[in-house]
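If you want the building blocks of each chain, they are given just below.
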Amino acid sequence: MTRLRDRRILVTGAASGIGRATVQRLAAEGARVVATDVSPVELDDPGVETAVLDVADEESVVAGVSAAVARLGGLDVLVNAAGILEAAHTHETSLELWNRVLAVNLTGTFLVTREALPALIESGRGVVVNFSSTSASFAHPYMAAYAASKGGIAALTHSLALEYSKRGVRVVSVAPGSVKSGITDNADSWIPEGVDFSLFGKLLPILPTDLTTPVGNPVGRPEAVAGVVAMLASDDGEFITGTEIRVDGGTHA
Ligand SMILES: NC(=O)c1ccc[n+]([C@@H]2O[C@H](COP(=O)([O-])OP(=O)(O)OC[C@H]3O[C@@H](n4cnc5c(N)ncnc54)[C@H](O)[C@@H]3O)[C@@H](O)[C@H]2O)c1
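Residues numbered from 1 in each chain as written. Predicted model: local features only at pLDDT ≥ 70, side-chain atom pairs only at ≥ 80, totals over all residues. Heavy atoms only, no water.

1. Looking at unusual backbone geometry
Note the threshold: A run of H or I in DSSP counts as a helix once it spans at least four residues, and a run of E counts as a strand once it spans at least two, with each numbered from the N terminus. Three exposure classes are used, based on accessible area relative to the maximum for each residue type with a 1.4 Å probe and protein chains only: buried under 20%, partly exposed in between, and exposed over 50%.
Despite not being glycine, Asp-6 has its phi angle at roughly 80 degrees, a positive value. By secondary structure assignment, the location of Asp-6 is in the segment before strand S1 (8–12). Looking at Asp-6, the relative accessible area reads 56%, which means it is exposed. Look at Ala-139: it is not a glycine, yet its phi comes out positive at around 80 degrees. As for its placement among the helices and strands, Ala-139 is situated in the loop between strand S5 (126–131) and helix H4 (144–163).

Below, the structure is given as structure tokens:
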């Protein structure tokens with residue numbers, strides 16, 4: 001498939017999980033991609049260049065977006081996939097944890113988008129794909145900071161879509177849920193002591209999947225989200241802006 005031929009794309013959070021699968025899908029559809037992450041990105045697919053970019057560090061974002069736009073000779077699509085999940089009982093949540101999660105997920109999405117917008121407007125067919133989450137709407141106890149950051153991303157998406165609708169830029173969120181990645185594989189390390197597991201009941205997908213987390217919970221393939229991002233980035237998404245697309249195996253059907 002070559003529907004993204006000639007598209008110049010910047011992806012954050014590309015070293016792992018959904019971001020990594022997204023880079024591979026976009027490149028397979030013909031895009032030229034700068035794949036960035038706070039950790040080194042190990043990908044050598046044709047059309048993919050890599051760089052280190054910390055979305056929570058304004059200087060890194062300013063320099064990294066500018067370098068990516070220069071390498072690509074412009075920018076048509078931004079995919080804000082970088083994200084972290086930390087959890088705690090809310091009455092024990094430190095301000096540091098709250099600020100860290102908001103800084104990466106919400107402020108990071110804002111910073112990268114702000115820096116990319118001039119080039120996306122210049123493109124005339126700009127697209128921003130943000131990563132919200134089902135946590136913005138349901139099913140995620142002990143994750144107040146994460147859920148708030150993802151709800152903020154959904155709200156940011158609506159506002160940006162309207163503001164730039166007449167300047168050729170579409171802005172859309174994907175809201176994944178229960179997808180195999182660094183976040184879901186490492187759930188043991190971030191689920192706090194003493195949680196009530198019955199409260200996680202709405203997290204499980206209803207569609208069949210062969211994949212599980214290390215503790216045996218069913219999860220979807222990151223490639224399933226990557227395919228939706230590729231659609232949104234392409235002309236197949238030409239009439240879609242200011243909305244969320246949930247990709248969660250029907251957790252809340
Ligand atoms: N996996 C799921 O079920 C699920 C559900 C809802 C939303 N999401 C969202 O999907 C996106 C991708 O996450 P994933 O599930 O693939 O997890 P992941 O941990 O596999 O990937 C997240 C990537 O973001 C990078 N990152 C973290 N902090 C960063 C920073 N400051 N600057 C740049 N990169 C940074 C990490 O190094 C990692 O490579 C995230 O925004 C996540 O919140 C995932």
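2. Comments concerning the pattern of salt bridges
The cut-off we apply is this: Basic side-chain nitrogens of Lys or Arg form a salt bridge, by our definition, when they fall within 4 Å of a carboxyl oxygen of Asp or Glu.
Under the counting rule described, the total for this entry stands at 13 salt bridges. Salt bridges linked by common partners bring Arg-3, Arg-25, Glu-29 and Asp-236 together as one network.

3. Details of the side chain of Asp-37
Threshold: Only four residue types enter the charge count: Lys and Arg as positive, Asp and Glu as negative, with His and the chain ends excluded. Here a polar contact means two N or O atoms within 3.5 Å. Within protein one must be a hydrogen donor candidate and the other an acceptor candidate, and residues neighboring in sequence count only if both atoms are side-chain atoms. Residues are treated as being in contact if the distance between any of their heavy atoms lies within 4.5 Å.
Checked against the element boundaries, Asp-37 lands in strand S2 (residues 32–37). No salt bridge is formed by the buried Asp-37. Its closest oppositely charged neighbour is Arg-20, at 9.1 Å. Of note is the side chain of Asp-37, whose polar atom sits 3.1 Å from the backbone nitrogen of Ala-14. At 2.9 Å, the side chain of Asp-37 and the backbone nitrogen of Ala-15 are in polar contact. Contact partners of Asp-37, with chain neighbours within four places excluded, come to Gly-13, Ala-14, Ala-15, Ala-51, Val-52 and Leu-53.

4. Some thoughts on helix H7 (residues 222–233)
To keep things clear, this is the line we draw: Multiplying 1.5 Å by the helix residue count minus one yields the expected span of that helix.
Along its twelve residues, H7 runs 17 Å from first to last C-alpha, staying within 8% of the 16 Å computed at 1.5 Å per residue. The buried fraction of H7 is high, at nine of twelve residues. Where H7 is concerned, the buried positions are Pro-222, Val-225, Ala-226, Gly-227, Val-228, Val-229, Ala-230, Leu-232 and Ala-233.

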